Amino acid sequence: MSDVAFGWKALTGAIAIAKNLKDFKKQVDDSAFQLQISELYDNLADTKMGMSELKDLLRERNDEIRTLKEKLKVRGKMVYTDPYYQMENSEGKLEGQYCKVCYDGEDLLMRLEIMSSNSWKCGKCNNICVKDERWRH
Ligand SMILES: [Zn+2]
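If you're wondering where the values come from, they're calculated on a predicted model, not measured in any experiment.

Calculation criteria
Along each chain, the written sequence defines residue order, and numbers are assigned to residues from 1. This being a predicted model, a pLDDT of at least 70 is required before a residue's local features are given, and a value of 80 or more before pairs of side-chain atoms are given or counted; all residues contribute to the totals for chains, interfaces and linings. The helix count covers DSSP runs of H or I at least four residues long, the strand count covers runs of E at least two residues long, and both are numbered beginning at the N terminus. For a compact globule the rule gives 2.2 Å times the number of residues to the power 0.38, and the radius of gyration it is set against comes from C-alpha atoms. Note on burial: count the other C-beta atoms lying within 10 Å of the residue's C-beta; 20 or more is buried, 12 or fewer is exposed, in between is partly exposed, and C-beta positions come from the backbone. Pairing between two strands is assigned when DSSP locates at least 2 bridges connecting them. Axis geometry follows a simple rule: fit a line to the C-alpha atoms, using only the stretch in contact for helices, then measure angles between N-to-C directions, giving values from 0 to 180 degrees. Expected helix span is taken as 1.5 Å per residue step, with the number of steps being one fewer than the number of residues. Here the bounds of each domain stem from an automatic or database domain assignment.

(A) Representation of the overall build of the protein chain within the structure. Across its full length, the protein chain holds three helices and six strands. Element order for the protein chain, N to C, with α for helix and β for strand: α-α-β-β-β-α-β-β-β. In terms of overall dimensions, the protein chain is more spread out than a globule: its C-alpha atoms have a radius of gyration of 30 Å, far above the 14 Å expected for 137 residues. Each of the three principal axes of the protein chain carries a C-alpha extent, and together these read 95 × 30 × 15 Å. The buried share of the protein chain, taken over its 137 residues, is 12%.

What follows is the structure in structure tokens.
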């Protein structure tokens, strides 16, 4: 059973016990009442633990969503200009040279090191990008 389902079951149990206690009124003996109170505390403690784990799970999910939104935002700015990616800046100009292998494979923005006027190297994956002379104007 998941932590959330466990917490939900405990909460449902606590609500049922609270309803029982309300219905008991004064005709119940003290030991039965104490037993119900004890079960209620146990269920509430389990509920608190389940909800705490749910809170952690929500925090993790929110972090993942934030990370994915940031990646999407970056992806919208990336333009492939053979043999590398470039990023569109706030003025709409393309800048930088980023490794195609690292970006396509792992979503990593690795700036390329200049080797010559038409070749660059990635410091992470050692990919060498060569701009085809046909592309030169
Ligand atoms: Zn690379």
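Back to the text.
(B) Examining the sheet that holds strand 2 (residues 84-88) more closely. Overall, antiparallel pairing links the three strands, which are arranged 1-2-3 in an open sheet. Sheet topology places strand 1 (78-81) and strand 3 (94-98) at the edges, where each strand pairs with a single neighbour. Taken over all neighbouring pairs, the strand axes of this sheet differ in orientation by 35° on average, direction set aside. Bridging between strand 1 and strand 2 involves four bridges; their strand directions are antiparallel.

(C) Representation of helix 2 (residues 30-75) in the model. Across its 46 residues, helix 2 extends 66 Å between first and last C-alpha, which sits within 8% of the 68 Å expected from 1.5 Å per residue. The element helix 2 is largely exposed, with a buried count of three among its 46 residues. Listing the buried residues of helix 2 in full gives Asn43, Thr47 and Gly50.

(D) Summary view of the domain arrangement of the protein chain. For the protein chain, the domain assignment lists domain 1 (3-74) and domain 2 (82-135). Taking only C-alpha atoms, the centre of domain 1 and the centre of domain 2 are 51 Å apart.

(E) Just the environment of asparagine 127, in detail. Looking at the element boundaries, asparagine 127 is found in the loop between strand 5 (119-122) and strand 6 (128-130). A sequence separation of 59 residues divides asparagine 127 from leucine 68, and the C-alpha atoms of the two residues are 26 Å apart.

(F) Structural view of the environment of cysteine 125. Structurally, cysteine 125 can be placed in the loop between strand 5 and strand 6. Along the primary structure cysteine 125 and cysteine 102 are separated by 23 residues, whereas in three dimensions their C-alpha atoms are 7.1 Å apart.

(G) Spatial organisation of the sheet that holds strand 6. With respect to topology, three strands assemble into an open sheet ordered 4-5-6, the strand pairing being antiparallel. The sheet is open, and its two edges are formed by strand 4 (112-116) and strand 6, each paired on a single side. Adjacent strand axes in the sheet meet at a mean angle of 30° when their direction is disregarded. The pairing of strand 5 with strand 6 spans three bridges and is classified as antiparallel. Residue pairing across strands places lysine 121 opposite isoleucine 128, the latter belonging to strand 6.

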